[in-house]
Amino acid sequence: MAITAQDIQDAMKRVAAGFRTNGDYLTELDQAVGDGDLGITTSKIADALDSYADQTAGDDLGKYLAAGGMAVNKVASSTMGTLLASGLMSAGKVVRGKEVLEPSDLATMLQAAFEGLQARGKASLGDKTILDAMHPSVEAISQAVQTTETLATAGQKLVDAAKAGRDAVTPLRNRVGRASWVGERTEGSVDPGCEAWVIIASSLADIG
Amino acid sequence: MAITAQDIQDAMKRVAAGFRTNGDYLTELDQAVGDGDLGITTSKIADALDSYADQTAGDDLGKYLAAGGMAVNKVASSTMGTLLASGLMSAGKVVRGKEVLEPSDLATMLQAAFEGLQARGKASLGDKTILDAMHPSVEAISQAVQTTETLATAGQKLVDAAKAGRDAVTPLRNRVGRASWVGERTEGSVDPGCEAWVIIASSLADIG
Amino acid sequence: MKKLLNKPEDFVPEMLEGLFLAHPDQLSYEEEIYSVVRTDAPVQGKVGLATGGGSGHLPVFLGYVGKGMLDGCAVGDVFNSPSADQMLNVTKRINGGKGVVYIYGNYGGDVMNFDMSAEMADLEDIPVRTVLVKDDVASAPADEADRRRGVVGMVFAFKIAGAKADAGGSLDEVADVTEKALANTRSMGVALSPCIVPRVGKPGFTLGDGEMEIGMGIHGEPGIKREPLQTADEVSTRMLTAILDDLNVAAGERVAVMINGLGATPPEELYVLYRNVHKHLADKDISVHRAYVGEYATSMEMAGASLTIFKLDDELTELLDAPAHTPFFTQV
Amino acid sequence: MKKLLNKPEDFVPEMLEGLFLAHPDQLSYEEEIYSVVRTDAPVQGKVGLATGGGSGHLPVFLGYVGKGMLDGCAVGDVFNSPSADQMLNVTKRINGGKGVVYIYGNYGGDVMNFDMSAEMADLEDIPVRTVLVKDDVASAPADEADRRRGVVGMVFAFKIAGAKADAGGSLDEVADVTEKALANTRSMGVALSPCIVPRVGKPGFTLGDGEMEIGMGIHGEPGIKREPLQTADEVSTRMLTAILDDLNVAAGERVAVMINGLGATPPEELYVLYRNVHKHLADKDISVHRAYVGEYATSMEMAGASLTIFKLDDELTELLDAPAHTPFFTQV
Ligand SMILES: Nc1ncnc2c1ncn2[C@@H]1O[C@H](COP(=O)(O)OP(=O)(O)O)[C@@H](O)[C@H]1O
Ligand SMILES: Nc1ncnc2c1ncn2[C@@H]1O[C@H](COP(=O)(O)OP(=O)(O)O)[C@@H](O)[C@H]1O
Ligand SMILES: [Mg+2]
Ligand SMILES: [Mg+2]
Ligand SMILES: [Mg+2]
Ligand SMILES: [Mg+2]
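Because the structure is predicted, anything quoted here is derived from the model rather than measured.

### Some points on the overall build of chain C
1) Next: Along the backbone of chain C there are eight helices and 14 strands.
2) Next: When its C-alpha atoms are laid out on the principal axes, chain C stretches across 50 × 50 × 35 Å.
3) Next: Out of the 332 residues belonging to chain C, those deemed buried represent 66%.
4) Next: Contacts spanning at least 24 positions in sequence make up 72% of the contacts within chain C whose residues lie at least 6 apart.
5) Next: Surface accessibility of chain C: about 10,000 Å² in total, with carbon and sulfur atoms responsible for 48%.
6) Next: Of the side-chain charges in chain C, 29 are positive and 49 negative, and the distance between the mean point of each set is 3 Å.

### Some details on the coordination of the magnesium ion (ligand 6)
For a metal bound by four donors in tetrahedral geometry, the ideal donor-metal-donor angle is 109.5 degrees, whereas six donors in octahedral geometry ideally sit at 90 or 180 degrees.
Residues and elements named next belong to chain A.
1) Next: Summarising the metal site, the magnesium ion (ligand 6) is bound by the protein donors Asp35 (OD) and Asp37 (OD), whose distances to it range over 2.0 to 2.2 Å.
2) Next: The magnesium ion (ligand 3) is placed at 3.5 Å from the magnesium ion (ligand 6), the two being bridged by Asp35.
3) Next: Under the relative-accessibility criterion, Asp35 is labelled buried at 8%.

### Quick notes on the side chain of Thr170(A)
Residues and elements named next belong to chain A.
1) Next: Relative to the assigned elements, Thr170 resides in the loop between helix 7 (151-169) and helix 8 (192-204).
2) Next: Judged by its relative accessible area of 12%, Thr170 is buried.
3) Next: Filtering out sequence-adjacent residues up to four positions away, Thr170 remains in contact with Lys128, Thr186, Glu187, Gly188, Ser189 and Val190.

### Focus: helix 5 (residues 103-121) of chain A
1) Next: With 19 residues, helix 5 of chain A extends 28 Å between its outermost C-alpha atoms, agreeing within 8% with the 27 Å of an ideal straight helix rising 1.5 Å per residue.
2) Next: Within helix 5 of chain A the residues assigned to the buried category are Asp105(A), Leu106(A), Ala107(A), Met109(A), Leu110(A), Ala112(A), Ala113(A), Phe114(A), Gly116(A), Leu117(A) and Arg120(A).
3) Next: In this fold, the buried residues of helix 5 of chain A make contact with helix 3 (61-75), helix 4 (79-94), helix 6 (130-146), helix 7 and helix 8 of chain A together with helix 3 (108-123) of chain D.
4) Next: Of the residues one or two after helix 5 of chain A, Lys122(A) is the one with positive phi, at around 55°.

### Some thoughts on the arrangement of the chains
1) Next: Here the protein chains form three pairs of chains in contact, of which the pair with the most contacts is chains C and D.
2) Next: Over all C-alpha pairs, chain A and chain B never come within contact, reaching a minimum spacing of 38 Å.
3) Next: Left apart from each other, chain B and chain D have a closest C-alpha approach of 18 Å.

### What about the interface of chain D and chain C?
1) Next: Facing the 51 residues of chain D at the interface are 50 residues of chain C.
2) Next: For the chain D and chain C pair, buried surface summed over both sides reaches about 4,700 Å², with 64% attributable to carbon and sulfur atoms.
3) Next: In this assembly, chain D and chain C are joined by eight salt bridges.
4) Next: Put simply, Lys3(D) and Glu269(C) hold a salt bridge, and the shortest N to O gap is 3.4 Å.
5) Next: Taken together, the connections running from chain D to chain C amount to 30 residue pairs in polar contact (both at pLDDT 80 or more).
6) Next: The biggest single contributor to the side of chain D that touches chain C is helix 7 (residues 267-283) of chain D, with ten residues.

### A short note on the sheet that holds strand 4 (residues 72-78) of chain D
All names here are of chain D.
1) Next: Reading across the sheet, the six strands line up as 1-2-4-3-5-6 and stay open at both edges, with mixed pairing between neighbours. Of all the strands in the sheet, just strand 1 (27-30) and strand 6 (128-133) have a single pairing partner and so form its edges. Strand-to-strand, the axes of this sheet are offset by a mean angle of 30°, without reference to chain direction.
2) Next: Pairing of strand 1 with strand 2 (residues 32-38), which is carried by four bridges, proceeds in the antiparallel orientation. Bridge pairing in strand 2 places Glu30 opposite Glu32.
3) Next: Of the strands in this sheet, strand 1, strand 2, strand 3 (48-55) and strand 4 touch helix 1 (residues 11-22), which is tilted by about 35° from strand 2.

### A few points about the site of ligand 1
Residue and element names in this part refer to chain A.
1) Next: Near ligand 1 you find 18 residues, and of these Ser78, Thr79, Gly121, Arg178 and Asp191 are the closest.
2) Next: A distance of 3.2 Å separates an oxygen atom of ligand 1 from a polar atom in the side chain of Asp30.
3) Next: Between ligand 1 and Gly193 there is a distance of 3.0 Å, counted from an oxygen atom to a backbone nitrogen or oxygen.
4) Next: Bound to the protein, ligand 1 loses 93% of the 570 Å² it would expose on its own.
5) Next: The set of elements that each furnish at least two residues to the shell around ligand 1 consists of helix 4 and helix 8.

### Points about the pattern of salt bridges
1) Next: Per the stated rule, a full pass over the model turns up 87 salt bridges over all chains.
2) Next: In this structure, Arg199(C) engages Asp77(C) in a salt bridge whose closest nitrogen and oxygen atoms are separated by 3.0 Å. Of the two residues, Arg199(C) sits in the loop between strand 7 (185-191) and strand 8 (211-214) while Asp77(C) sits in strand 4 (residues 72-78), which places them 122 residues apart along the sequence.
3) Next: Using a relative accessible area of 38% as the deciding quantity, one classes Arg199(C) as partly exposed.
4) Next: Connected via shared salt-bridge partners are Glu14(C), Glu17(C), Asp233(D), Arg275(D) and Lys279(D).

Procedures and definitions
- Residues numbered from 1 in each chain as written.
- Chains lettered and ligands numbered in written order.
- Predicted model: local features only at pLDDT ≥ 70, side-chain atom pairs only at ≥ 80, totals over all residues.
- Heavy atoms only, no water.
- Helix = DSSP H or I, 4+ residues; strand = E, 2+ residues; numbered from the N terminus.
- Buried < 20%, exposed > 50% of the residue type's maximum accessible area, 1.4 Å probe, protein only.
- Contact = heavy atoms within 4.5 Å.
- Areas by Shrake-Rupley, 256 points an atom, 1.4 Å probe, with all protein chains shown as cover.
- Lys, Arg positive; Asp, Glu negative; His and termini not counted.
- Charge placed at Lys NZ, Arg CZ, Asp CG, Glu CD.
- Donors = N, O, S within 2.8 Å, 3.2 Å for Na, K, Ca; no water.
- Expected span 1.5 Å × (residues − 1).
- Buried area = accessible area lost by both parts, 1.4 Å probe.
- Salt bridge = Lys/Arg side-chain N within 4 Å of Asp/Glu carboxyl O.
- Polar contact = N/O pair within 3.5 Å; in protein donor to acceptor, adjacent residues only side chain to side chain.
- Pairing = 2+ DSSP bridges.
- Axes fitted to C-alpha atoms, helices over the stretch in contact; angles between N-to-C directions.
- Near = heavy atom within 4 Å.

Next comes the structure, spelled out in structure tokens:
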């Protein structure tokens, strides 16, 4: 069951739609612990993804994805925009040259994306950032793909693990980024970046 | 029935008390058509009058009154403070050299005060300023004094005429000063300066 | 709208004390802190320039005391005229032998006190000329222009007078060119929110969420009309139209433009307004010689902005371009 | 809190357009209006100085582009980092052959984008050094000073870097002295009211009538503590104490002081704050070499103020005193 350019583009559009639906909620979360711009950022990312998904993918899906990252950074250069751009670039790099992808590529790409985010943002697990929702969720899909479950089941695990990761750090204090300045008052607040990853995971999970 | 320095000083204290009691109302009136500082101005005038009334008057009541005007201007130099200071100076000048005053002097002094205000402010009757409350009230007391009425009756006439003068111009539009810039929206509003004169007249009327 | 204050009645003296401490080489005072003068006053052989008025408008008034602009300023309480006495102190201290020009806004209290001061200065043989600022087109129609109030346009008057005095102008020459500058200057403003006089402690008026007040002055006194809030382009076009209806500027002429923030309105919004004004002027083939965008005359924390157009000829251009250096205005 | 705007999404580009129209002889751009450079860029033989960050803080960031300070600035949307791409445009345009120093506030998005830009500049053989501003003592304790955010103290960094670059300093000399200046710089702020991001349209938080937020940054992000509003003296003493707990200034030393208004707070109140700070410093026998009181880094219409102390030695004093001339900062 090969994954085509069209599938990738559909996934981009689903993430865009997910960001649009949940933009106000992300803004609210970011107002509580940050500067309240996350909904704006995700709506810009949504615009970039939508119009990028309309461009011809060519025969190198890796290159297509990496260039998509640059397009995202250009319009959405706040923390989240830049992190997700770095993630897209890294995900693209590991599938460089491929015209179609295997389900196992998805796990590799998500793993690479995670590493890309980590390298760019230099945060550690437990700092209460998007990484804390992303990490268990990427682990879950890697396992699911190894045990050759259906993509639907794998997708469900991706989402469940993301939510669990998000909830696990909610009681903690933010340790990096703008929210870290708010100190103890962030304890108990959902991290906006974690929530953004839950939205991405849920949108991606529609795949297949 | 002679009017002594003590009577003058008592009158100053009564005017001060009248300004204190009505300061908030004057501020409200001035907020509607001006800059809302009239209560502050009258409270400064009250302070100046109170402490000036505690100083020895000496044997020249005219000089004493004129210097009181300068003391008022020093602390309360907005329109109303400056006008009333000019009024006090002019009133003092016409009784220069006197150690005690006759009732008829009161009318002369009020007439001089009116002229002092008019010269300093260059407003005309009907422009809806303090002059419109002051003029009929000064006329009334001049007549009352000529017909040798009691001071109490004369005082009542002073107040009644002040109120009538104030009410007569309320429907008009302010033609000079800050309120004139508000234009037609001043029609129907009590002029703050007219009201200030009603307060002065009422406080003075306690004399005798 | 909250304030960083100690006792409200100490607001003005503490503000002045802060100013003297922050600018010890520029500002000094005569007799009491309310009579502010340049540290190098009197400048011998130069016409002295004085202004005065209520507090709450910084940089107006005393912020323009300094080289290339004013020599002294009488400072009143918030939105209140200073006294004749203070003005006389300033006048005596800044007179460098050529007399003193009073340049201030057309407000009843100020006029009466400056007139008293001028009468007293005359007794001391200091010649004084008075130039009244009446630039606000919204405050009275053209046929009653003498009733208009003075707002931020006075900054151009200070600048021109300062340059002319520095250039050695006589009392009459300085006063005359300042009058010419003001004859070429018109302003109009709009307010989006009220301000709070510290001693009063509450706003002098209220404006609904979607409302603006057209033609409001700089004292919180009501404007001429209250209307639904319009866009930046609509508001600035409207102010420009009102000004150009009153001040004849022909194609090919040049102007200085000032977009002044009343207090709370951020500079970003002022530049959005400027953009539209500039484009409209360009459409009419009117060139902008200098643009001043910022806070030049405020009403404490009031939100809103005003537009001033100052039509230039060669003489005024040269005087406007001269350098100046005061605590709030430095031009090189 | 109302705004003079057209479409919220046009706010930043229209603001920029207004700036370019108002300052045509000072500001220009590279490729697109979001990459602002001096009209005379690149200045050959001088180290190029770049900054960047979100909009909504004027005069920060681009207001300091000009003679004696910065060469270029990448401009983001309101409170949002500009992109790596824009920064690279600026970097290439301002490189006068001696490399470029990036001086900007310690915010995640900005750091990531400037890092990306520096990596790309490296590929084009433009040496870049990065100096991060982390002056806000309220944003993290001293033992985690690397987490602190950069606020208005960056203005001193721009000034020192600009003077050193003008004096012919090498890339490392400029970056090193800027780091030294920042090691001597601490800030702390307090907010009295929130601000509104135009695209969001409502305040990011609310503050009760009698409340203030201690340690709030310049982006509307919550501070460290919410408390009942205190007097100007209490607030300024508290900010000064927090700063001097962190920055060792001995009796006999000299400092520059900045009282910065966040937007809506009027200059009068800033001088009331300055008065108290000056007196406390005098009590400690610390002398004030220069006082900067005004709006240097804002959060649009937020009410509040911050205090910055910059400890000077002879080298820094000389660099601070050098002249500068930008659209928002002129020193003679
Ligand atoms: N260094 C980092 N590494 C990874 N994630 C980060 C980092 N800093 C912040 N984040 C995430 O970014 C989210 C905020 O994104 P965004 O609103 O775009 O940030 P900002 O407005 O501060 O630029 C946080 O909730 C957090 O999950
Ligand atoms: N030129 C004038 N002559 C006489 N009375 C005047 C004049 N201008 C204003 N007034 C009176 O002064 C009152 C306002 O006083 P005040 O609040 O002190 O003025 P402001 O705040 O404008 O200085 C007005 O209501 C009016 O009665
Ligand atoms: Mg954010
Ligand atoms: Mg009044
Ligand atoms: Mg007044
Ligand atoms: Mg942000």
